[in-house]
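Chain by chain, the residues run as shown.
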Amino acid sequence: MADIILLTTNSKQENYSITATKFAALPPNIPLLITEAFLSSKGYKVKIIDTETYPKKNRDVISIINQSDAKVVGVVCSGSNPSASTMSMVGVIKFFQDLKDIDHEFLTFVSGGHPTVLPERTLRELGSDFVVLGEGYQAMCDIIEYSKNKIKKKEISSVAYLDNGKFYSTEINELADITQLPMINWQKVNVKDYRAHNWHCFGKDINNRSPYAIIWTNQGCPYPCNFCSINNIFGKRRYRLRDMEDVVSEIDVLYNNFGIRNLKILDELFVFKNPRLDKFCDLLDERGYDLNMWCFARTDTVTPEILKRLKKVGVNWVAYGFESFNNSILETTKKKNKADVLKTIKWTKDADINICADVIAGLWDDTKETIHHTRDFMIENEFEWVNVYPAFGYPGTPLYKEYISKKIISEPKSWDIYGLYSKKCNPLPTKYLSSAEVLMERDKMFHDYYHNEKILKMIEKRFGNETLNHVVEMVNQPLDREIFSYNKNVTPAGGLESNNIIVPEEKYQPLTV
């Protein structure tokens, strides 16, 4: 009998729409797997039900739980990037709605960045017994002990709960020493069922995206970007480092025991000017593995030398969070960046590393002209992949708090508006564009980029005809956008308190991905 079942709920279809089955990645849930490893290391019997990877109906999942006689069920509201916590709430809410209709005797909790910053709303939305606050490793142990009647409810650390409708929360534990966290138990999952991002495997591996895994070398980020939710779960800006020997030992296991070449480095800030990165390259250089990895970096933390070293050990892609190519617009995000962007692009290309350009269409001072400038800059520099996001106000971020307090937006009534490819996607407005216009400009930017003849020729030359055909098929998938009907929920340019409400005469037609 398991002491605890850890599960993920599945909302991939709602969040990723038509891209979900073939084009999107299917990654392992690293917070889920770290939690499993921690609890197992403490002697608890842990079972995983990962419905993100193995879709099941909620009623079937609940039946499996009831048959297991587990006393505690923890729903992990997180994913392979910080914003996934809010997106995952779509499936979490549906799970708890179905759970209310079925008799059960187990205790429930939810964990993750989103529940941590909105604990009372989460409890009232779900009806769970607890919200685990912060990392919550000790809290989960306490809940298991509480289920065995070994401690009292008030002795459970780092949780929020309702008692007769009144909200309570207990003191949040200090963050764990991540150098003491155990390695993920990869033998408990089937890595062949995970799938890399399509762009990660452009070229000879475009149809060979499995097996796949994710590694991590640090947690948190020291930078103050106002739109980012990475530090929600840590309470404040933190940047904690894992021993590189442990990281490479985990790569040893994945490569030698499971035959994995395709690896994502999870860290939001992996490339940083410190000896750890040299250690990472030294250790992998000794091994000579044939890896295909990608990582995140800031444009002001790379050097020509480190890029060449990373390429040598198998880092074939670097994702840069450019956000915008207009400095005055970047200033509103508090993203401090002193890099010469063109120089960084040249260094990366000289190292023969592909660039994944992450940009945001819809920051506060954005106009159609500034968004078009970003598009034109990307086309001019021929990035191998671009991720174009509208701006979202994620709960817990300074941006969310600012927009709520200034009444630019109201508190979201549902969380499905945060899915980039979701039918209900509804981003933030800018000073000059409504939320509908922002999303249209976002969709149009991506459409224009991957329908540009120059870009398509670059893809064919660099990655081959098979990859080109894959991209052409992808960008011709139609996206269904509810907001374009202008029926409801369009936030006007300037926000809800603005009189600057401009509704275009023509009705937008859905564009492709």
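Bear in mind that the values here come from a model prediction, so they are computed numbers and not experimental data.

A. Quick peek at the packing of helix H9 (residues 275-287) against helix H10 (residues 304-312). One can describe the packing of H9 onto H10 by two numbers: an axis separation of 9 Å at closest approach and a directional angle of 30 degrees. With respect to their mutual orientation, H9 and H10 come out roughly parallel. Crossing angle aside, the handedness with which H9 passes H10 is left-handed. Mapping the contact onto sequence places Leu277, Asp278, Phe280, Cys281, Asp282 and Asp285 in H9 and Ile306, Arg309, Leu310 and Lys312 in H10. Here the residues of the contact of H9 with H10 sort into 5 nonpolar, no polar and 5 charged.

B. Region of the structure containing H9. Helix length check: H9 (13 residues) gives 19 Å between terminal C-alpha atoms against 18 Å at 1.5 Å per residue, within 8%. Buried within H9 are the following residues: Arg276, Leu277, Phe280, Cys281, Leu283 and Leu284. Summarising the axial view, the buried residues of H9 lie within an arc of 165 degrees, below the 170-degree limit, and thus occupy one face. Residues of H9 that are exposed and point more than 90 degrees away from the buried face comprise Pro275 and Glu286. Its buried side turned inward, H9 meets strand E10 (239-241), helix H8 (244-258), strand E11 (262-265), strand E12 (292-297) and H10. Looking one or two residues beyond H9, the residue adopting positive phi is Gly288, at roughly 70 degrees.

C. Representation of helix H17 (residues 465-475) in the model. Among all positions in H17, only Thr467, Leu468, His470, Val471, Met474 and Val475 are buried. Mapping the buried residues of H17 onto a view down its axis gives an arc of 160 degrees, with all of them on the same face.

D. Inspection of the pairing of strand E4 (residues 107-111) at higher detail. Across the 5 residues that make up E4, a large majority, 5, are buried. Residue alternation in E4 divides its side chains into two sets, Leu107, Phe109 and Ser111 and Thr108 and Val110, and both sets are buried. Summarising the sheet, strand E3 (residues 72-76) and E4 pair through 5 bridges and their orientation is parallel. Directly across from Val73, in E4, lies its bridge partner Thr108. Remark: the E3/helix H4 (residues 84-99)/E4 crossover connection has right-handed handedness.

E. Inspection of the sheet that holds E3 at higher detail. Spatially, 7 strands are ordered E2-E1-E3-E4-E5-E6-E7 in an open sheet, and the strand pairing comes out mixed. Of all the strands in the sheet, the pair left with one neighbour each is strand E2 (46-50) and strand E7 (166-169). On average, each strand axis in the sheet is tilted by 20 degrees relative to the strand beside it, whichever way the strands run. Across 4 bridges, the pairing between strand E6 (residues 159-163) and E7 is antiparallel. For Leu162, the partnering residue across the bridge sits in E7 and is Phe167. Sheet strands in contact with helix H6 (residues 119-126) are E4, strand E5 (130-132), E6 and E7, and its direction is about 50 degrees off that of E6.

F. The arrangement of the side chain of Arg298 in detail. Relative to the helices and strands, Arg298 resides in the loop between E12 and H10. A polar atom in the side chain of Arg298 sits 2.9 Å from the side chain of Asp300.

G. Representation of the nonpolar core. Counting residues in hydrophobic clusters, the biggest one holds 106 residues, and the most contacted among them are Leu39, Phe280, Met378, Phe383 and Tyr450. Not counting chain neighbours up to four residues away, the residues in contact with Met378 comprise Phe325, Ala357, Val359, Phe383, Val386, Val388, Met445 and Tyr449. Formed by 40 residues, the second largest nonpolar core is a distinct cluster that contains Phe106, Ala160, Tyr394 and Tyr418.

Calculation rules
- Residues numbered from 1 in each chain as written.
- Predicted model: local features only at pLDDT ≥ 70, side-chain atom pairs only at ≥ 80, totals over all residues.
- Heavy atoms only, no water.
- Axes fitted to C-alpha atoms, helices over the stretch in contact; angles between N-to-C directions.
- Helix = DSSP H or I, 4+ residues; strand = E, 2+ residues; numbered from the N terminus.
- Parallel < 35°, antiparallel > 145°, perpendicular 65-115°, else oblique.
- Left-handed = near helix turned anticlockwise from the far one by under 90°.
- Contact = heavy atoms within 4.5 Å.
- Nonpolar A, V, L, I, M, F, W, Y, C, P; charged D, E, K, R; others polar.
- Expected span 1.5 Å × (residues − 1).
- Buried < 20%, exposed > 50% of the residue type's maximum accessible area, 1.4 Å probe, protein only.
- Arc of directions from axis to C-beta.
- Pairing = 2+ DSSP bridges.
- Right-handed = clockwise from strand over helix to strand, strands pointing away.
- Polar contact = N/O pair within 3.5 Å; in protein donor to acceptor, adjacent residues only side chain to side chain.
- Core = buried A, V, L, I, M, F, W, Y, C linked by side-chain atoms within 4.5 Å.

Honestly, that's just the spatial picture; any functional story needs more than this.
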